[in-house]
Amino acid sequence: MRPKPNNVHSLLLSGQSPRANSFPEACTAIGFSELCLLDLELMHHFTTNTCMMGPHVLDPSVFRDESPRLGLRYPYLLHQLLALSAFHCAYLRTELREKYLFHGSKHQAHAIAGMRLALTGKMTEETSFALFMTSALLMTSSFASHLKYPHNEAKPPLAGMLEIMALVRGLSAIKTTTHAELQFNVLDKLKHHSGSPPCWKALDLFKTQLTILQSRISNLTNIDNAILALLNKGAQSMLDCAAMPATTMTGELHVVFTWLSILPGDFFNLMQAQHPGAMVVLLYYVVALQEVETQCWVLEGWSAQLTSNIVDILFPPWTGLAQWAMSELGYPSG
């Protein structure tokens, strides 16, 4: 009688990834530690699953092929790749969630430390590309880890979003360390090879409503003119993102990801202070986020929880300015 194959072989034949606790004892007996096997599992999961799951701001083949190859020379990229894979496994396998979250958090801490060190060294085209890829993965991981899997001290969605914005603003320093030609080469490598993805049908309406919002902000009375100027500055930066050509990203993806890195610092300070006017502008961001979250697991649930959190902060006249966004987000008015 033919012996029954062990669970790892069965999983390989079925095309599934082995679970972290399914490795035969023989694996650890011949020199493979449990952590080593877990990292191998995460690498396999990343190249066969996570990199294809979006958000499709980049060609998935760049993540699948380039990231692991570069990660062998730039450990911070490898750490962040494994971190995102671990967060994805935590999302998929609730019974092992804590284990994956712990492992992912450790890898992400190593990635951030490595990036900081790399930014102090000599910048080459390859280093620039590795840093760019790491920052893209880190931005994605920040969404994955904040809302879906709160740690012992769960934060309100708005606090989590502001933390992500602060992180992304820090990552934008990478852009200032690279020469213009290196940035061009990086962006060229990240273009979709299959043409531009479909555009958000309501993008023109979104841009029109942002313009209307700017006009209504300017017409407010009894509000400091400097504050009104900052609010319009924040809305304009979002409008600029929405108007970017849909070559590597659609308009809504530009709003969701690019706006976080280019929003003006003084406007961000207003957001951190939870100024109601800044919250109105942020609510328009949530409209774009709602459109994108169905495309990517890391964004699931953000729009609904952020909407509820933000609306609770608003009061007249700001509530009136937010009516269109609230309607788009399915939040009852009045």
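All figures in this text were calculated on a predicted structure; none of them were measured in a lab. Each chain has its residues counted from 1, running along the sequence as written. Per-residue local features of the predicted model are confined to residues with pLDDT of at least 70, and side-chain atom pairs are confined, for both listing and counting, to 80 or more; whole-chain, interface and lining totals are unaffected and use all residues. Excluded from the side-chain calculations are hydrogens and water; all other atoms, namely the structure's heavy atoms, are used.

Draft legend 1. View of the nonpolar core. Nonpolar cores were defined as sets of buried Ala, Val, Leu, Ile, Met, Phe, Trp, Tyr and Cys residues, with membership established by side-chain atoms within 4.5 Å. Using a 1.4 Å probe on the protein chains alone, a residue whose accessible area is under 20% of its type maximum counts as buried, one over 50% counts as exposed, and one in between counts as partly exposed. Counting 96 residues, the largest nonpolar core has Phe143, Met165, Phe206, Trp259 and Tyr285 as the members making the most contacts within it. The leading source of residues in this core is helix H15 (residues 276–293), at 13 residues. Here Trp259 is in contact with Met165, Gly234, Ser237, Met238, Cys241, His254, Phe267, Met271, Val281, Leu282 and Tyr285, once residues within four sequence places are set aside. In this text, helices come from DSSP runs of H or I with a minimum length of four residues, and strands from runs of E with a minimum of two, each type numbered from the N-terminal end. Any two residues whose heavy atoms approach within 4.5 Å at even a single point are treated as in contact.

Draft legend 2. A look at the pattern of salt bridges. Criterion for a salt bridge: a side-chain nitrogen of Lys or Arg within 4 Å of a carboxyl oxygen of Asp or Glu. For the coordinates displayed, the defined rule picks out six salt bridges. For Glu126, the salt bridge goes to Arg73, with nearest N and O atoms at 2.6 Å. On the criterion of sequence distance, the pair formed by Glu126 in helix H7 (residues 125–146) and Arg73 in the loop between helix H4 (60–71) and helix H5 (75–92) is long-range, its members being 53 residues apart.

Draft legend 3. Spatial organisation of the side chain of Ser261. The residue Ser261 is located in helix H13 (residues 251–262) in this model. Classification of Ser261 as buried rests on a relative accessible area of 15%. Residues adjacent in sequence count toward polar contacts only when both atoms are side-chain atoms; beyond that, a polar contact is any pair of N or O atoms within 3.5 Å, and within protein one must be able to donate a hydrogen and the other to accept it. For Ser261, the side chain forms a polar contact with the main-chain oxygen of Thr258, separated by 2.8 Å.

Draft legend 4. Focus on the packing of helix H12 (residues 225–242) against helix H14 (residues 265–272). To obtain an axis, a line is fitted to C-alpha atoms, over the contacting stretch when the element is a helix, and the angle between two such axes runs from 0 to 180 degrees between their N-to-C directions. Two numbers describe how H12 lies on H14: the axes approach to 9 Å, and their chain directions differ by 105°. Put simply, H12 runs roughly perpendicular to H14. Contacts between H12 and H14 involve Ile227, Leu230, Leu231, Lys233 and Gly234 from the former and Asp266, Phe267 and Leu270 from the latter. Here the residues of the contact of H12 with H14 sort into five nonpolar, one polar and two charged. Reported orientations rely on four angle classes, namely roughly parallel under 35 degrees, roughly antiparallel over 145, roughly perpendicular from 65 to 115, and oblique for the rest. All amino acids are sorted into three groups, where Ala, Val, Leu, Ile, Met, Phe, Trp, Tyr, Cys and Pro are nonpolar, Asp, Glu, Lys and Arg are charged, and the leftover types, Gly among them, are polar.

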